[in-house]
Amino acid sequence: EWPHTGRLALYLLGLRATCPPHSPQRSLVTWLKYYLEEDWTGSRRHGHPLTSYYQYGLGVLALCVHHKRVREEVIRRLLVAQHHGRLGHGGNAVDTEAVVALAFTCLEQRRLVRAGLAAELKTATHEVSRSMAEAQGPDGIIGNIYSTPWALQVFLATGVCHTEPAFGQAMAALLENLEAFGTTATMAQVLPVLHGRSYLDIASMHCWEEPDTLTPMDIEPPTEVLGNKMVRLVVECPLPWCYELRLYDRPVPAPAAASLLDVLRAAAALEPHNFKFHTQDTPQGPFLTQVLGLEARQEKRNYWQLLTAPNTPLQMGIADYRPQDEETLILRLSEW
C-alpha cells in the first residue's frame with residue numbers, strides 16, 4: 001500500500017487551521033515524517049516519490065506549518081526536482097510547483113533551515129513565481145482554473161502580489177469562475193486567496209483570537225435539468241504510442257445534466273467491450289488514467305489531456321465539466 005502522504009498532510013493543515021482545543025498532532029506529525037521517507041525509499045529506482053511531488057511537497061509544507069524541522073535531504077529532493085523541471089505537466093505542474101514553492105517559503109521564513117539552504121530556497125521560489133507569471137494565459141488563468149488559486153497563494157506568500165501584474169489578472173479570472181469550485185478540496189484552495197491569505201498564514205495564527213463563527217448553511221439543491229444531449233467523444237493517441245491517431249470517434253447520448261465522467265460511463269455502457277476507461281481518486285476529484293487500455297504514467301511522462309474541439313484544453317476535471325449538446329470532446333494522450 002502506498003504512503004498516504006498527501007492525505008495526512010492536508011489533514012494536518014486543516015487541523016492546524018481549525019484551532020482544536022486538544023492537540024493530537026504529535027503522533028500524526030511523526031507518521032507524516034515516516035510517510036515522507038517511505039514515499040521516497042520505495043521508489044529510489046525511478047528517482048521520484050511513490051505518490052507524486054505534489055503530495056511530497058504538501059508533506060513538507062504541513063510539517064513546516066506545524067513548526068517541525070525537515071531533514072535537508074528531504075528538502076534537497078524537491079530542490080533537484082524543481083531545478084530539473086520534473087514537477088509535472090500543464091495545470092498539474094502549476095499545482096505542484098506552487099505547493100513546493102509554498103513549502104520552500106515556509107521553511108525560509110520560519111528559519112527552519114540553515115542560512116545557505118534558505119538562500120537556495122528563496123531563489124527557487126522566485127523562479128517558480130516568474131514561471132507562473134510567464135505561463136499565464138490571455139484569459140488570466142494560470143495553468144487551469146483549479147491551479148490558479150495555488151499560483152495566487154505563491155504570489156501572496158512571497159509578497160509580490162502588489163507588484164506582479166499577473167496577480168490582478170489571475171484574481172479577476174478567479175472571480176469570474178467561482179462556480180467551478182464546488183468540492184471541499186477546491187473550496188479549501190480558493191477560500192484563503194479570496195481573503196488575501198495563503199496556507200502559510202496558518203503557521204502564524206493565534207488561536208485564542210479566532211472567534212467561533214462557524215454556522216451551518218442552508219444550500220438549495222441544484223435545479224434539475226431535464227432531457228438529453230448528444231456528445232461526440234473522440235480518443236486520440238499520436239506517435240510514438242500509437243500508429244493510428246484516432247482510436248475512437250462516436251456520438252454518445254447522455255442526460256442533459258451529464259458531466260464528462262457521466263458521458264464516459266455512458267460510452268462504456270453502450271460498448272462495454274470496446275470502450276473502457278479507469279480513473280484515480282485525488283483530493284481534486286477523479287483523474288483520468290487509462291482509456292481503451294492505454295495508461296498514462298508519470299515515468300512515461302504522458303497524461304490524458306482533455307479538450308473541446310478543435311483544440312481548446314478544458315479548465316475543469318472530468319467530474320465537473322458539463323459538455324453542451326452537440327459538443328465534441330477529445331481525450332488525447334499527450335507528453336509533458
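About the thresholds
- Residues numbered from 1 in each chain as written.
- Predicted model: local features only at pLDDT ≥ 70, side-chain atom pairs only at ≥ 80, totals over all residues.
- Heavy atoms only, no water.
- Disulfide = S-S within 2.5 Å.
- Helix = DSSP H or I, 4+ residues; strand = E, 2+ residues; numbered from the N terminus.
- Buried < 20%, exposed > 50% of the residue type's maximum accessible area, 1.4 Å probe, protein only.
- Phe/Tyr/Trp six-rings, centres within 6.5 Å; stacked < 30°, edge-to-face > 60°.
- Lys NZ or Arg CZ within 6 Å of the ring centre and 35° of its normal.
- Axes fitted to C-alpha atoms, helices over the stretch in contact; angles between N-to-C directions.
- Parallel < 35°, antiparallel > 145°, perpendicular 65-115°, else oblique.
- Left-handed = near helix turned anticlockwise from the far one by under 90°.
- Contact = heavy atoms within 4.5 Å.
- Nonpolar A, V, L, I, M, F, W, Y, C, P; charged D, E, K, R; others polar.
- Pairing = 2+ DSSP bridges.
- Patch = residues over 30% accessible without salt bridge, like charges linked within 9 Å, V, L, I, M, F, W, Y side chains within 5 Å.
- Areas by Shrake-Rupley, 256 points an atom, 1.4 Å probe, with all protein chains shown as cover.
- Salt bridge = Lys/Arg side-chain N within 4 Å of Asp/Glu carboxyl O.
- pLDDT = per-residue confidence, 0-100.

1. A few points about the state of the cysteines
- Considering all chains together, one arrives at two disulfides under this definition.
- At a sulfur-sulfur separation of 2.0 Å, the disulfide partner of Cys64 is Cys106. One quick way to see it: the torsion about the S-S bond of Cys64 and Cys106 is about -95°, and its sign makes the bridge left-handed. Taken together, the residues Cys64 in helix 3 (residues 53-65) and Cys106 in helix 5 (residues 90-109) connect sequence positions 42 residues apart.
- We classify Cys64 as buried; its relative accessible area is 0%.
- The side chain of Cys237 participates in a disulfide bridge whose partner is Cys242; the two sulfur atoms lie 2.0 Å from each other. Since a negative S-S torsion denotes a left-handed disulfide, the Cys237-Cys242 link at about 80° is right-handed. Residues Cys237 and Cys242 agree in their burial class; the two are buried.

2. With respect to the packing of aromatic side chains
- Going through the model one piece at a time under the given rule, you end up with eight aromatic pairs.
- Where Trp31 meets Tyr34, the ring centres are 5.6 Å apart and the plane angle is 85°; that geometry is what we call edge-to-face. Residue Trp31 and its partner Tyr34 are located together in helix 2 (residues 25-41), separated by three residues, close to a single helical turn.
- Here Trp31 falls in the partly exposed class, since its relative accessible area comes to 47%.
- The class of Tyr34 is partly exposed, set by a relative accessible area of 42%.
- Measuring from ring centre to ring centre gives 4.8 Å for Tyr248 and Phe275, while their planes differ by 50°; the resulting arrangement is tilted. Of this pair, Tyr248 sits in strand 2 (residues 246-255) while Phe275 sits in the loop between helix 10 (260-270) and strand 3 (277-282), placing them 27 residues apart in sequence. Taken individually, Tyr248 and Phe275 each receive the classification buried, so the pair is uniform in this respect.
- Linked through ring pairs, Trp31, Tyr34 and Tyr35 together constitute an aromatic cluster.
- Just above the ring of Tyr248 sits the side chain of Arg250; from NZ or CZ to the centre is 5.4 Å.

3. Some details on the packing of helix 4 (residues 72-83) against helix 6 (residues 115-134)
- Running from N to C, helix 4 and helix 6 cross one another at 30°; their axes reach a closest spacing of 11 Å. Relative to helix 6, the element helix 4 is oriented roughly parallel. Crossing of helix 4 over helix 6 shows left-handed handedness. On helix 6, the residues touching Glu72, Ile75, Arg76, Leu79 and Gln82 of helix 4 are Leu117, Glu120, Leu121, Ala124, Glu127 and Val128.
- When the residues that make up the contact of helix 4 with helix 6 are grouped by side-chain class, the tally is six nonpolar, one polar and four charged.

4. Some thoughts on the sheet that holds strand 4 (residues 285-291)
- The strand order across the open sheet formed by three strands is 3-4-5, and the pairing between neighbours is antiparallel. If you trace the sheet from one side to the other, it starts and ends with strand 3 and strand 5 (294-295), each paired once.
- In terms of strand pairing, strand 3 meets strand 4 through six bridges, oriented antiparallel. Directly across from Thr282, in strand 4, lies its bridge partner Gly285.

5. Examining a nonpolar patch on the surface
- A surface patch of nonpolar side chains, amounting to about 420 Å² of accessible area, comprises Leu175, Leu178, Met187, Leu191 and Leu194.
- When residues of the nonpolar patch are assigned to their parent elements, the largest contribution, three residues, is made by helix 9 (residues 184-194).
- Position of Leu194 among the secondary structure elements: in helix 9.

6. Side note on the confidence of the model for the chain
- The share of residues in the chain with pLDDT of 70 or more is 88%, and the mean pLDDT across the chain is 85.
- The secondary structure element of the chain with the lowest average pLDDT is helix 2, at 83, and the one with the highest is helix 10, at 94.

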